[in-house]
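Now for the letters of each chain:
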Amino acid sequence: MDNMVYAGEISPTVAVMVLNQGCRSQDMLSEKFIDFIALEVIPWVRNNYNVSGYENVVILGPSRAGFSAAFAALRYSNVIGGVLSQSGSFYSTLEEKENCPIYPEFDGGLLTEYTKFPKQPVNLYLDVGLYDLGLGRVGVNRQFKGTLELKGYKLSYKEYKGGHSHLNWRHTLSNVLIYFFGDTKNSNALQRTSR
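Model, not experiment: these values are computed from the prediction.

*Asks:* I keep staring at the overall build of the protein and nothing clicks. Help me out?
*Replies:* Along the protein, the regular secondary structure elements total eight helices and four strands. Within the protein, the proportion of its 195 residues that are buried is 47%. Put simply, 69% of the contacts in the protein that link residues at least 6 apart link residues at least 24 apart.

*Asks:* What is the right way to look at the packing of aromatic side chains in this model?
*Replies:* Each pair of aromatic rings is reported with the distance of its centres and the angle of its planes. Using the criterion set out here, one finds eight aromatic pairs in the structure. Plain terms: the ring middles of tryptophan 44 and tyrosine 49 are 6.1 Å apart, the flat faces sit at 65° to each other, and that makes the pair edge-to-face. Here tryptophan 44 falls in the partly exposed class, since its relative accessible area comes to 46%. Aromatic rings pair up to connect Phe90, Tyr114, Phe144 and Tyr153 into one cluster.

*Asks:* Teacher, can you tell me more about a nonpolar patch on the surface here?
*Replies:* A cluster of nonpolar side chains, Val14, Val16, Val18, Phe36, Trp44 and Tyr49, forms an exposed patch at the surface whose accessible area comes to about 510 Å². Tracing the backbone shows valine 14 in the loop between helix H1 (2-6) and helix H2 (24-28). The class for valine 14 is partly exposed, based on a relative accessible area of 39%.

*Asks:* What is the right way to look at the packing of helix H4 (residues 64-75) against helix H5 (residues 109-116) in this model?
*Replies:* Axes are the key here: two packed helices are described by the angle between their axes and the distance separating the axes. Interhelical geometry of H4 versus H5 gives an angle of 25° and a closest axis separation of 11 Å. Of the possible angle classes, the one that applies to H4 and H5 is roughly parallel. At the point where H4 passes H5, the crossing takes the left-handed sense. Residues Phe67, Ala70, Phe71, Ala73, Leu74 and Arg75 of H4 form the contact with H5, whose own contacting residues are Leu110, Glu113 and Tyr114. Of the residues in the contact of H4 with H5, the class split is seven nonpolar, no polar and two charged.

*Asks:* In this structure, what is going on with the sheet that holds strand S2 (residues 82-86)? I would like to understand it.
*Replies:* By definition, the strands of a sheet pair up through backbone hydrogen bonds, in either a parallel or an antiparallel sense. Here four strands make up an open sheet; going across it, the order is S1-S2-S3-S4 and the pairing parallel. Edge positions in the sheet fall to strand S1 (58-62) and strand S4 (154-160), since each has one partner strand and no second. Geometrically, the sheet is characterised by an average inter-axis angle of 10° between neighbouring strands, direction not taken into account.

*Asks:* Even after reading the chapter, I still don't get the environment of aspartate 127, so can you show me in this structure?
*Replies:* Inspection of the secondary structure assignment puts aspartate 127 in strand S3 (residues 123-129). Overall, the relative accessible area of 0% leaves aspartate 127 in the buried class. Through-space distance from the C-alpha of aspartate 127 to that of glutamine 86 is 5.1 Å; in sequence the pair is 41 residues apart. Apart from residues no more than four positions distant in its own chain, aspartate 127 is found in contact with Ser85, Gln86, Ser87, Lys158, Tyr160 and Thr172.

*Asks:* Explain helix H3 (residues 31-48) here, please?
*Replies:* Since one α-helical turn is 3.6 residues long, residues separated by three or four positions face the same way. Over its 18 residues, H3 extends 25 Å from the first C-alpha to the last, a length consistent with the 26 Å expected when each residue adds 1.5 Å. Along its length, H3 shows its largest kink, about 30°, at isoleucine 37. Of all the positions in H3, only Phe33, Ile34, Ile37, Ala38, Val41, Ile42 and Val45 are classed as buried. Structurally, H3 contributes buried residues whose contacts are with H2, S1 and H4.

Rules used in this analysis
Residues numbered from 1 in each chain as written. Predicted model: local features only at pLDDT ≥ 70, side-chain atom pairs only at ≥ 80, totals over all residues. Heavy atoms only, no water. Helix = DSSP H or I, 4+ residues; strand = E, 2+ residues; numbered from the N terminus. Buried < 20%, exposed > 50% of the residue type's maximum accessible area, 1.4 Å probe, protein only. Contact = heavy atoms within 4.5 Å. Phe/Tyr/Trp six-rings, centres within 6.5 Å; stacked < 30°, edge-to-face > 60°. Patch = residues over 30% accessible without salt bridge, like charges linked within 9 Å, V, L, I, M, F, W, Y side chains within 5 Å. Areas by Shrake-Rupley, 256 points an atom, 1.4 Å probe, with all protein chains shown as cover. Salt bridge = Lys/Arg side-chain N within 4 Å of Asp/Glu carboxyl O. Axes fitted to C-alpha atoms, helices over the stretch in contact; angles between N-to-C directions. Parallel < 35°, antiparallel > 145°, perpendicular 65-115°, else oblique. Left-handed = near helix turned anticlockwise from the far one by under 90°. Nonpolar A, V, L, I, M, F, W, Y, C, P; charged D, E, K, R; others polar. Pairing = 2+ DSSP bridges. Expected span 1.5 Å × (residues − 1). Bend = angle between axes of the 7 residues up to and from the residue.

Taken by themselves, the reported measurements are silent on function.
As structure tokens, this is what we get:
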């Protein structure tokens, strides 16, 4: 991020990284966790840094954290304006006993929530690897994309040749930062997003 800010590819950006506490699977699917992010972490950031406007707050994460980011933005769209989900676990049913890859047997809980709720002022960037848990994760990300498009959300969606790992996710992160924070007047930023 520092290099991209220095090169003028993105505007000055504050990054806050929050570790889950205890069990990642439970934390990332918990309403308590998204309440913590929206009601405690983001106000703390605003009090300590020059961050204004909900549209300048983007939350991101891979796998279950991608689910959590999209869930938080749906519930707190007055606080969160953008979501990056990398290989989001949108097949989750929100039921502990059925929290496994069940696509296409029935919709994941978050897809149902996005279908029911009115469209929120949230901009989303989703990406997923074609070899990421087979068609389970790819299929449910495609389904989520379709749901978002039908509801009229601003959205960017990418698929890449790779699997479920940080090695793959790191390759798309710079494009995502440009998508949300890029300076469209800067030709380097425009060239980079077109690759």
